[in-house]
Amino acid sequence: MTKELLTTGLVTTGPPPLVFGPLSRTDIVRYQGASGDMNPLHHDEIFARAAGYDAPLAIGMLGAGLLATYAADWLGADNIRRFRIRFMAQVWPGDTLTCDGTLVREYEGPDGPLADVELACKRQTGEIAVRVWATFAREN
Amino acid sequence: MANSAAVGTTGEAFIMPIERGKIMEFAAATRSRNPAYWEQERPPVPPTFLTTQMFWQEWAGEGANPWHAVELNQKRGMHAEQEYIFHGPPPQAGTTLTGQSRIADVYQKEGRRGGTLTFAVMITEFRDESGRLVAEARLTGVETAQVPGESV
């Protein structure tokens, strides 16, 4: 398969999507506590309104963390080498997030075979909330 | 308005012990049931776990976090990108990392919907007990021309 991908540039779909939701305020607070990012924008109604939002919005890194869960289950927790995240759209409590990805490239790195994957975390509207470009080591 | 003079500001080094319980808590919060995190005595860190640097950096004191020097307007500031690079397998529980952050860049771009966007980049290097560079985190923040929640 490695050789085929190298020569034809085939795109291979990852495992079935990880679906998470509807997202609760508690899910957001649990993530904030675990991560140490206590930005009040994501749980404090008064603060969020003063900042111009109707209500506290979800934290982007939670969507990124769900993509990390999906990718580590797929390609191996010990194999992560690079994980680049771009935040595309806001996520709100009540949203259902769907995470999936595709394998885009397999190649030889300086310390062994590597695989590049592209991951997306989508809202129930189909809008992409978080995009990730990741590199994993492949077992020889 | 972000302060472009912040480029080059380097924080004091901070200690970040990698702990099994914290990894399990993080796995639970990101809905992971992967046995690599739950069943090993020395689990590896999940791909986005190094975000917990914020906790250690905050408790190490003001001097550990050079992000303050950027002076990004909190009401118009957003997390734009985040990247983690691992130079080999991810660090495992039981390791004590030493982190150090620096402001690598502050730059401006015209937004697609008009208005100037100001980006700021902070790079954090993580070294193990032997001084080997094991991971890097690259945070990109953006300050928009309008309050993000405001309709234009």
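Asker: Quick question: what am I supposed to make of the confidence of the model for chain A here?
Answerer: In regions of low pLDDT, the predicted coordinates are not meant to be interpreted in detail. Taken as a whole, chain A shows an average pLDDT of 92; of its residues, 92% reach a score of 70 or greater. Note on residues 1-8 of chain A: pLDDT is under 50 here. Beyond four places in sequence and across chains, it has eight contacts.

Asker: I'm lost on the packing of helix α2 (residues 25-35) of chain A against helix α1 (residues 20-29) of chain B in this one. Help?
Answerer: Between two packed helices, the angle of one axis relative to the other and the distance separating the axes together describe the packing. Relative to each other, α2(A) and α1(B) sit at 155°, their axes nearing to 9 Å. Compared by their axis directions, α2(A) and α1(B) come out roughly antiparallel. Where α2(A) crosses over α1(B), the handedness of that crossing is left-handed. Contact residues: A:R30, A:Y31 and A:A34 in α2(A); B:E25, B:F26 and B:A29 in α1(B). Among the residues making up the contact of α2(A) with α1(B), the classes are represented as four nonpolar, no polar and two charged.

Asker: Help me understand the interface of chain B and chain A, please; the structure alone is not making it clear to me.
Answerer: When the parts come together, some accessible area is lost, and that loss is often what is quoted as the size of the interface. Listed per partner, the contact involves 32 residues of chain B and 30 residues of chain A. Those elements giving two or more residues to the side of chain B that touches chain A turn out to be α1, α2 (35-38), α3 (53-60) and β2 (77-86) of chain B. Here the element with the most residues in the side of chain B that touches chain A is β2(B); it accounts for eight residues. Here the side of chain B that touches chain A is composed, by residue class, of 17 nonpolar, nine polar and six charged. Of the pairings in the sheet, the one linking strand β3 (residues 80-87) of chain A to β2(B) comprises five bridges and is antiparallel in character. The residue of β2(B) that forms the bridge with A:F83 is B:Y84.

Reading the values: the criteria
- Residues numbered from 1 in each chain as written.
- Chains lettered and ligands numbered in written order.
- Predicted model: local features only at pLDDT ≥ 70, side-chain atom pairs only at ≥ 80, totals over all residues.
- pLDDT = per-residue confidence, 0-100.
- Contact = placed C-beta atoms within 7 Å.
- Axes fitted to C-alpha atoms, helices over the stretch in contact; angles between N-to-C directions.
- Helix = DSSP H or I, 4+ residues; strand = E, 2+ residues; numbered from the N terminus.
- Parallel < 35°, antiparallel > 145°, perpendicular 65-115°, else oblique.
- Left-handed = near helix turned anticlockwise from the far one by under 90°.
- Nonpolar A, V, L, I, M, F, W, Y, C, P; charged D, E, K, R; others polar.
- Pairing = 2+ DSSP bridges.

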